[in-house]
Amino acid sequence: MRGYFIFAFIIVMEVILRTVPTATEQTCNNLADRYYHQATALADSAYTFLWATASGAYVPTKMAVGSVQFVVEYDAANDKFVIAGPCSNTDWSAFQVQDKTLHYQKDGFAFEAQCFSENGGPLKLKVLPRSNTSIEAFR
């Protein structure tokens, strides 16, 4: 009897908070084409979806986890997941990065986010809410 092993290689991208946030309301408002929606994301359950592309490139994406909205970008030159800045009333100081994971925590609401690829495939975004909420992504 032969045994087959399937190896999955998951590479988690390094995440950085842009030193000076660049997201503005105009940028946030322009990212209005929703391509991912999870209306009832359960606490401590991971939700994974593809990063949006256009003409073969990863495009800036507005993510909304509950009422927290922010813009993410992929820095292809440095192979990094960049949190570009907040939208609306989102508190920039509530974001932190630790162990290739973005953490957000404010007033009892928290979530984690990562960017990764599997076996050299397309980039994916993963969100882990710490309370029941909704998750959306816009390009």
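The coordinates are above.
Quick caveat: nothing in here was measured; it's all calculated off a predicted structure.

**Details of the overall build of the chain**
Of the regular secondary structure elements, the chain holds one helix and 14 strands. Compactness check: the chain gives a C-alpha radius of gyration of 15 Å against a globular reference of 14 Å for 139 residues, within 12% of the reference. Its C-alpha atoms put the chain at 60 × 35 × 30 Å along the principal axes. Put simply, the chain has 139 residues, and 40% of those count as buried. Of the contacts made within the chain by residues no fewer than 6 positions apart, 61% connect residues no fewer than 24 positions apart.

**Looking at the nonpolar core**
Across soluble globular proteins, nonpolar side chains show a tendency to be buried alongside one another. If you look at the biggest cluster of nonpolar residues, it comprises 29 residues, and the most contacted ones within it are Phe49, Trp51, Phe70, Phe81, Ile83, Phe95 and Phe111. Counting eight residues, the second-largest nonpolar core is a separate cluster that includes Ala23, Cys28, Ala64 and Phe138.

**Some details on the side chain of glutamine 114**
Summarising the element assignment, glutamine 114 is placed in strand S12 (residues 109–118). We classify glutamine 114 as buried; its relative accessible area is 15%. Not counting residues within four places of it along the chain, the set of residues in contact with glutamine 114 comprises Val12, Phe81, Asp99, Lys100, Thr101, Lys124, Leu125 and Lys126.

**Section: unusual backbone geometry**
Even without glycine at this site, serine 55 takes up a positive phi of about 55°. By the element assignment, serine 55 lies in the loop between strand S5 (53–54) and strand S6 (57–58). Of note, the phi angle at aspartate 99 is positive, near 50°, even though the residue is not glycine. Turning to its location among the elements, aspartate 99 is positioned in the loop between strand S10 (95–98) and strand S11 (101–106). Residue classification places aspartate 99 among the exposed positions, given a relative accessible area of 68%.

Thresholds, definitions, all that
Residues numbered from 1 in each chain as written. Predicted model: local features only at pLDDT ≥ 70, side-chain atom pairs only at ≥ 80, totals over all residues. Heavy atoms only, no water. Helix = DSSP H or I, 4+ residues; strand = E, 2+ residues; numbered from the N terminus. Rg over C-alpha atoms; globule rule 2.2 N^0.38 Å. Buried < 20%, exposed > 50% of the residue type's maximum accessible area, 1.4 Å probe, protein only. Contact = heavy atoms within 4.5 Å. Core = buried A, V, L, I, M, F, W, Y, C linked by side-chain atoms within 4.5 Å.

Everything listed here is a matter of geometry and, on its own, says nothing about what the molecule does.
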